[in-house]
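Per-entry structural report
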Amino acid sequence: MTKGKLLYEGKAKKVFETDDPNVLLVAYKDDATAFNGEKRGTIKDKGEVNNRVTNFLMRKLEQEGIPTHLVEELSPRETLVKRVKIIPLEVVVRNIAAGSLSKRLGLPEGTPLAKTVLEYSYKNDALGDPMVNEYHIAAMGLATPEELRTIADYALRIDDFLRGYLKDAGIDLIDFKLEFGKTADGTIVLADEISPDTCRFWDSKTKAHLDKDLFRRDLGGAEEAYQEVVRRLMGE
């Protein structure tokens, strides 16, 4: 399939047209950003790690009945995906207090939550991706109540599967961000990525970070941590 015109370049990926109007090509970058782009840098081979980990986990989720945008991995850095209209919501699933939740609620990082928490943010860089609830979402027409129920159901099912799967690899799934899109026929599918960029992964024993917090917080060792996730999941 032929790579066509560049449609979009974001913080972590480039998206290209292909000769199939319903299929796009995503190319992952090594660029790293944090705090809505205020902090910028690179993590060597991050693009390859995020592409391969995303595709690996999406294949597992497909087997669990979660529809995704994945079509075919072309190379360590490039993947074909279904063209979707992204629903402008970031869905954050939280199992253990960390990051902004710890700051907002005064919970020490690492505090287990008695119930999995779902949060929604309006995808808008200019506004800083503000948190919204189901009433805001309905008022702004971002998703119908039925669509939101589907998204919430998928998010919790994804969390349930990934927590167990990652635990077997010695990784605790602290929290993670998901995005969903609609195909041409209106089907809601998991889109974007599931990677050390979008998930908080902690080593189950040492609680060491295996994710972008190493870059975000200037802790060092991000490249090695990203590669460690690949090794644990794919045996490399």
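Report on the accompanying structure.

What counts as what
Residues numbered from 1 in each chain as written. Predicted model: local features only at pLDDT ≥ 70, side-chain atom pairs only at ≥ 80, totals over all residues. Heavy atoms only, no water. Core = buried A, V, L, I, M, F, W, Y, C linked by side-chain atoms within 4.5 Å. Buried < 20%, exposed > 50% of the residue type's maximum accessible area, 1.4 Å probe, protein only. Helix = DSSP H or I, 4+ residues; strand = E, 2+ residues; numbered from the N terminus. Contact = heavy atoms within 4.5 Å. Axes fitted to C-alpha atoms, helices over the stretch in contact; angles between N-to-C directions. Left-handed = near helix turned anticlockwise from the far one by under 90°. Nonpolar A, V, L, I, M, F, W, Y, C, P; charged D, E, K, R; others polar. Expected span 1.5 Å × (residues − 1). Pairing = 2+ DSSP bridges.

1. Notes on the nonpolar core
- The biggest cluster of nonpolar side chains holds 50 residues, and the ones touching the most others in it are Ile158, Leu178 and Phe180.
- Here this core takes nine residues from helix 4 (residues 145-167), the largest share from any one element.
- If we ignore the near neighbours within four places in the chain, the residues touching Leu178 are Leu89, Glu90, Val91, Val93, Ala155, Ile158, Leu190 and Ile194.

2. Quick word on the side chain of Ser121
- By the secondary structure assignment, Ser121 is in strand 10 (residues 112-122).
- For Ser121, the contacting residues outside a window of four places in its chain are Pro88, Leu89, Glu90, Asp129, Pro130, Met131 and Val132.

3. A short note on the environment of Asp160
- Within the element layout of this structure, Asp160 appears in helix 4.
- Asp160 sits in the exposed class, given a relative accessible area of 56%.
- Along the chain, Asp160 and Thr116 lie 44 residues apart, while their C-alpha atoms are 9.8 Å from each other.

4. Topic: the packing of helix 1 (residues 46-63) against helix 4
- Direction vectors running N to C along helix 1 and helix 4 enclose 120 degrees, while the axes themselves pass 11 Å from each other. Crossing of helix 1 against helix 4: the hand is right-handed. Every residue of helix 4 that contacts helix 1 at Phe56, Leu57, Lys60 and Leu61 is listed here: Ile158, Phe161, Leu162 and Tyr165.
- Here the contact of helix 1 with helix 4 is composed, by residue class, of seven nonpolar, no polar and one charged.

5. Overview of helix 4
- Here helix 4 contains 23 residues, and its C-alpha end-to-end distance of 33 Å stays within 8% of the 33 Å for a straight helix at 1.5 Å per residue.
- Within helix 4, burial applies to Glu147, Leu148, Ile151, Ala152, Tyr154, Ala155, Ile158, Asp159, Phe161, Leu162 and Leu166.

6. Side note on the pairing of strand 14 (residues 199-203)
- For strand 14, the tally of buried residues reaches five of five residues, placing the bulk of the element in the interior.
- The alternating pattern of strand 14 places Cys199, Phe201 and Asp203 on one face and Arg200 and Trp202 on the opposite face, and all of these are buried.

7. So, the sheet that holds strand 2 (residues 13-18)
- Taken in spatial order, the five strands of this open sheet run 1-2-3-7-6, and their pairing is antiparallel. This sheet does not close on itself; its edge strands, each paired only once, are strand 1 (3-9) and strand 6 (70-73). Ignoring strand direction, the axes of neighbouring strands in this sheet form an average angle of 30 degrees.
- Here strand 3 (residues 23-28) pairs with strand 7 (residues 78-82) via five bridges, running antiparallel. Note that in strand 7 the partner of Leu25 across the bridge is Leu80.
- Packed on one face of the sheet, helix 1 meets strand 3, strand 6 and strand 7 and runs near 130 degrees to strand 6.

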